[in-house]
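Residue strings, one per chain:
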Amino acid sequence: MSDATEANGTAAAAEAAESGRPADDGAGGRHVRVVLVDDHRMFRTGVQAEIGQTAETGVEVVGEAADVDQAVTVITATRPEVVLLDVHLPGGGGVEVLRRCAALMADAERPVRFLALSVSDAAEDVIGVIRGGARGYVTKTITGTDLVDSIFRVQEGDAVFSPRLAGFVLDAFASTDAPPVDEDLDRLTQREREVLRLIARGYAYKEIAKQLFISVKTVESHVSAVLRKLQLSNRHELTRWATARRLV
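These numbers were taken from a predicted model, which means no experiment stands behind them. (Residues numbered from 1 in each chain as written. Predicted model: local features only at pLDDT ≥ 70, side-chain atom pairs only at ≥ 80, totals over all residues. Heavy atoms only, no water.)

Moving on to the sheet that holds strand β5 (residues 136-139). With respect to topology, six strands assemble into an open sheet ordered β2-β1-β3-β4-β5-β6, the strand pairing being parallel. This sheet does not close on itself; its edge strands, each paired only once, are β2 (59-65) and β6 (160-161). Sheet analysis places strand β3 (residues 82-85) next to strand β4 (residues 113-118), joined by four bridges and oriented parallel. Residue pairing across strands places Leu84 opposite Leu115, the latter belonging to β4. On top of the sheet, helix α2 (residues 41-51) reaches β1 (32-37), β2, β3 and β4; it is set at about 170° to β2, its chief contact. (Pairing = 2+ DSSP bridges. Helix = DSSP H or I, 4+ residues; strand = E, 2+ residues; numbered from the N terminus. Contact = heavy atoms within 4.5 Å. Axes fitted to C-alpha atoms, helices over the stretch in contact; angles between N-to-C directions.)

So, about the nonpolar core. In terms of nonpolar packing, the biggest core is built from 26 residues, with Val37, Ile75, Val83, Leu85, Val97, Phe114 and Val129 touching the most fellow members. Those elements that place two or more of their residues in this core are β1, α4 (68-78), β3, α5 (93-100), α6 (102-105), β4 and α7 (123-132). Not counting the four nearest positions on each side in its chain, Leu85 is found in contact with Val37, Gly94, Val97, Leu98, Phe114, Leu115, Ala116 and Leu117. Leu198, Ile214, Trp241 and Leu247 belong to the second-largest nonpolar core, a separate cluster that totals 21 residues. (Core = buried A, V, L, I, M, F, W, Y, C linked by side-chain atoms within 4.5 Å. Buried < 20%, exposed > 50% of the residue type's maximum accessible area, 1.4 Å probe, protein only.)

A word on the side chain of Glu81. Along the chain, Glu81 turns up in the loop between α4 and β3. Looking at Glu81, its side chain comes within polar contact range of the main-chain nitrogen of Arg33, at 2.6 Å. (Polar contact = N/O pair within 3.5 Å; in protein donor to acceptor, adjacent residues only side chain to side chain.)

As a further point, take the pattern of salt bridges. Under the definition given, this model contains eight salt bridges. With a closest N to O distance of 2.9 Å, Arg44 and Glu64 form a salt bridge. Taken as a pair, Arg44 in helix α2 and Glu64 in strand β2 lie far apart in primary sequence, 20 residues in all. According to the relative accessible area criterion, Arg44 is buried, its value standing at 11%. For the salt bridge of Lys229 with Glu192, the shortest nitrogen-to-oxygen distance reads 2.9 Å. Highlighted residues: Lys229 in helix α13 (residues 216-230) and Glu192 in helix α11 (residues 190-200), separated in sequence by 37 residues. Judged by its relative accessible area of 25%, Lys229 is partly exposed. Here the residues in one salt-bridge network are Asp38, Asp86 and Lys140, joined through shared partners. (Salt bridge = Lys/Arg side-chain N within 4 Å of Asp/Glu carboxyl O.)

Right, let's get into the environment of Glu81. Note on Glu81: relative accessible area 12%, which makes it buried. Each C-alpha atom, one on Glu81 and one on Pro111, is 6.8 Å from the other, the two residues being 30 residues apart in sequence.

With respect to the helices and strands, the residue Arg197 is situated in helix α11. Setting aside anything within four residues of it in sequence, one finds Arg197 in contact with Glu124 and Leu247.

Bringing helix α12 (residues 205-212) into the picture now. Buried within α12 are the following residues: Ile208, Ala209 and Leu212. The buried residues of α12 occupy one face: seen down the axis, they fall within an arc of 100°. α12 presents Lys206 and Lys210 as exposed residues on the side facing more than 90 degrees away from its buried surface. Contact partners of the buried residues in α12: α11 and α13. Of the residues one or two after α12, Phe213 is the one with positive phi, at around 60°. (Arc of directions from axis to C-beta.)

For Ala102, the location among the structural elements is in helix α6. Take Ala102: its relative accessible area is 39%, and that puts it in the partly exposed class. It is 9.1 Å that separates the C-alpha atoms of Ala102 and Val112, two residues lying 10 residues apart in sequence.

Within the fold, Pro80 resides in the loop between α4 and β3. Along the primary structure Pro80 and Leu104 are separated by 24 residues, whereas in three dimensions their C-alpha atoms are 9.9 Å apart. With residues near it in sequence (within four places) discarded, Pro80 still touches Arg33, Val34, Val35, Val62, Ile75, Pro111 and Val112.

Structure below.
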């Protein structure tokens, strides 16, 4: 490549980044800027290796984050076209990231779109992030090729779901028989819900801390917040509350 050609390519990429439009590259002219949000570094590394070969896939990974605060900071700074978002994150979960990035999603000229990428296929996880504004939800069993395709579809404004989840999502939002929103449960963050379930299943604080990769003190703080928000007095009442809602 000549110096002039390289300089022109660099200038075009810089102009594209500044304007928010995709830059042309060797992947059939497609290009999308992506941020990876997942609290497992090895998983982020694997995704980066699988889809981040920009010349072949057209996907440019411009940032990574491991918790809610990092995610909001990186997304705000880089303004990617698509964010691959894990549902379960320290600091409030994927739903909290969506809530704090609502203005970026609503930007008519340069919207940041979210695609949930999670090991979970639980109903409340899927519905939670879709209500929060995510454009799709795929599970971590997806192939690299399909993930790249899903990213570009979300960039273009499509809704994308893993095959098994698509019908469920449609039914959940379209059915007149869908259960009403549980306002009490909606007061809790994603992490508080995780702690709630484990407490209700009889786990000790140390066991919960180990399973969620947080400190015992953080577990205690979450339990206190859950009890306060639900106006309950102790873990026995909390267990009865969770059991009545079939959350255990």
